[in-house]
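Residue-level listing of the chains:
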Amino acid sequence: EPQDVSHTERDDDRELYNLLQKRSRTRRGSEGYRRLSFDISAHRQVRKGVKDRWRVLLENLGFRNEADSLLTVTSNTSYNSLRDPTEARRLLNLLAQETSIFEQHTIPPERYLFVLDRLIVLDMGTEFVSIARRFYPPEPLTSNEKEIAEPGTAVLVSPGWQETEDGGNKDEECAEVDEDSFLVNLLE
């Protein structure tokens with residue numbers, strides 16, 4: 001986040017920072033190190049996904065060459081530099097509530113407040129929100145997704161082939177595999 005020199009102000013930043021610290025204290029090549037690397041990669045993929053969604057929208061608005069510069073926010077960026085912080089905050093909240101541009105159940109990152117402020121200055125703020133609604137409509141959670149979204153034990157589903165009596169293969173069958181077994185099989 002801007003103004004956060006430690007880069008750990010947000011919960012997800014703090015979580016990523018803690019994972020990086022844990023991994024630095026773990027023996028390289030160990031199973032724990034690989035698990036932490038996987039978790040770190042997953043956190044970074046989520047962030048990259050959000051940034052990529054913003055880039056797609058900016059490019060669709062005609063900012064193909066300027067997308068990267070519009071998305072660049074550093075810790076040196078000041079809240080005093082915002083031209084219309086109230087409108088930018090309103091648009092950011094609209095995006096969080098009415099689109100799926102951000103991860104569900106998370107507070108939108110402040111960095112995008114600065115991006116929206118830049119778009120407002122370019123008189124493209126409301127157009128950005130309307131195109132975001134079209135490209136990334138909100139995804140309502142079904143009852144099954146609500147159960148999945150709740151914290152629980154991670155279970156991976158692995159396809160398994162079954163041979164028939166005549167030597168051919170039968171349709172694919174799914175088997176539940178816990179995370180430890182999956183990692184062991186993956187490494188073999």
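Residues numbered from 1 in each chain as written. Predicted model: local features only at pLDDT ≥ 70, side-chain atom pairs only at ≥ 80, totals over all residues. Heavy atoms only, no water.

- For the protein, an unreviewed UniProt entry supplies the name Melanoregulin and the organism Staurois parvus.

Structural notes on the pattern of salt bridges
Okay, step 1: A full pass over the atoms with the stated rule returns 8 salt bridges.
Okay, step 2: Residue Asp52 is joined to Lys48 by a salt bridge in which the shortest nitrogen-to-oxygen separation is 2.8 Å. In this pair, Asp52 and Lys48 are both assigned in helix H2 (residues 31-60), 4 residues apart and thus about one turn of the helix distant.
Okay, step 3: In this structure Asp52 comes out as partly exposed when scored by relative accessible area, which is 27%.
Okay, step 4: For Arg55, the salt bridge goes to Asp68, with nearest N and O atoms at 2.6 Å. Of this pair, Arg55 sits in helix H2 while Asp68 sits in helix H3 (residues 67-71); the two residues are 13 residues apart in sequence, bridging distant segments of the chain.
Okay, step 5: Given the relative accessible area of 46%, Asp68 is considered partly exposed.
Okay, step 6: Through salt bridges with shared partners, a single ionic network connects Lys48, Asp52, Arg55 and Asp68. (Salt bridge = Lys/Arg side-chain N within 4 Å of Asp/Glu carboxyl O. Helix = DSSP H or I, 4+ residues; strand = E, 2+ residues; numbered from the N terminus. Buried < 20%, exposed > 50% of the residue type's maximum accessible area, 1.4 Å probe, protein only.)

Some thoughts on the packing of aromatic side chains
Okay, step 1: Under the criterion given, the structure shown has 6 aromatic pairs.
Okay, step 2: With centroids separated by 6.0 Å and ring planes inclined at 50 degrees, the aromatic side chains of Trp54 and Phe102 adopt a geometry described as tilted. Of this pair, Trp54 sits in helix H2 while Phe102 sits in the loop between helix H4 (85-98) and helix H5 (111-121), placing them 48 residues apart in sequence.
Okay, step 3: The buried category is assigned to Phe102, whose relative accessible area is 7%.
Okay, step 4: Relative to Tyr112, the ring of Trp54 lies with its centre 4.4 Å away and its plane at 25 degrees, an arrangement referred to as stacked. Remark: Tyr112 occurs in helix H5 and Trp54 occurs in helix H2; sequence separation between them is 58 residues.
Okay, step 5: Note on Trp54: relative accessible area 0%, which makes it buried.
Okay, step 6: Among the residues examined, Tyr112 registers a relative accessible area of 4% and is labelled buried.
Okay, step 7: Through a chain of ring-to-ring contacts, the aromatic side chains of Trp54, Phe102, Tyr112 and Phe128 assemble into a single cluster. (Phe/Tyr/Trp six-rings, centres within 6.5 Å; stacked < 30°, edge-to-face > 60°.)

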